[in-house]
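Remarks on the overall topology
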Amino acid sequence: MGKCSGRCTLVAFCCLQLVVTVASACSFPQVAALERQIFDFLGYQWAPILANFLHIMAVILGIFGTVQYRSRYLILYAAWLVLWVGWNAFIICFYLEVGQLSQDRDFIMTFNTSLHRSWWMENGPGCLVTPVLNSRLALEDHHVISVTGCLLDYPYIEALSSALQIFLALFGFVFACYVSKVFLEEEDSFDFIGGFDSYGYQAPQKTSHLQLQPLYTAG
């Protein structure tokens, strides 16, 4: 009875934690990733689009692992978050042009397939876009624009977005490690091989209805 009570308490605790997770640790990161995916699609940023898609799949995997009490899925989710933090740290360095990185020279975000920049470059808060006509810098099928009046330049918007992703990833990493530890401890505390013995369960014994009769031989 005590073991059942302890297990029921753990289930209730996990259900409560699941509600908090869906509200904060799972839903918000997924919404943030979807929001980022939309703006990357609008800006034709193919590398972030691919990374965002993998991240959304990892978040779904983490939610499934929490609901189904699968510690392995949570461990995979935590491992992905480490890569996700590294990717977002690279995006911050790229847009702030840390070291040898340069937005004018490196088109990593588009896999070097186009000259598109971040969607926030032309659509940032307060930005005024003015086309530059008859510019010698314009390439074929491209036009030159002048962007002025932005309250916050697009590199800082992208950097802040990545910083938010890093913060959520760190929170999710701690959550995934903690919940997977709880699940593993619960699995270790219940012996699946001899678990029925702890409840005093005994397998029914087969009884034979055959009666042995003496064998007489003619002497």
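Residues numbered from 1 in each chain as written. Predicted model: local features only at pLDDT ≥ 70, side-chain atom pairs only at ≥ 80, totals over all residues. Heavy atoms only, no water.

1. Quick word on the overall build of the protein chain
Regarding its fold elements, the protein chain presents five helices and two strands. When the helices and strands of the protein chain are placed in sequence order, the string is α-α-α-α-β-β-α. Residues classed as buried in the protein chain amount to 32% of the 219 residues present. Counted over contacts in the protein chain with a minimum sequence separation of 6, partners at least 24 positions apart contribute 64%. In the form shown here, the protein chain has an accessible surface area of approximately 14,800 Å², with 67% of it arising from carbon and sulfur atoms. (Helix = DSSP H or I, 4+ residues; strand = E, 2+ residues; numbered from the N terminus. Buried < 20%, exposed > 50% of the residue type's maximum accessible area, 1.4 Å probe, protein only. Contact = heavy atoms within 4.5 Å. Areas by Shrake-Rupley, 256 points an atom, 1.4 Å probe, with all protein chains shown as cover.)

2. Focus: helix α3 (residues 71-95)
If you check α3, its first and last C-alpha atoms are 36 Å apart, about what 25 residues at 1.5 Å a residue would give, namely 36 Å. Residues of α3 that are buried: S71, L74, Y77, A78, W80, L81, W84, N88, I91, F94 and Y95. A positive backbone phi angle near 55 degrees is found at E97, which sits one or two residues after α3. (Expected span 1.5 Å × (residues − 1).)

3. Let's talk about the packing of aromatic side chains
Inspection of every chain in the model, using the stated rule, returns 11 aromatic pairs. Aromatic side chains F39 and W120 sit 4.7 Å apart centroid to centroid with 45 degrees between the ring planes, which places their arrangement in the tilted category. Placement of the pair is F39 in helix α1 (residues 2-42) and W120 in helix α4 (residues 120-123), with a sequence separation of 81 residues. Chaining the aromatic ring pairs together yields one cluster made of W87, F90, F94, Y95 and Y154. (Phe/Tyr/Trp six-rings, centres within 6.5 Å; stacked < 30°, edge-to-face > 60°.)

4. As for the environment of L152
Along the chain, the position of L152 falls in the loop between β2 (144-148) and α5 (154-189). With 26 residues separating them in the primary sequence, L152 and G126 have C-alpha atoms 8.1 Å apart.

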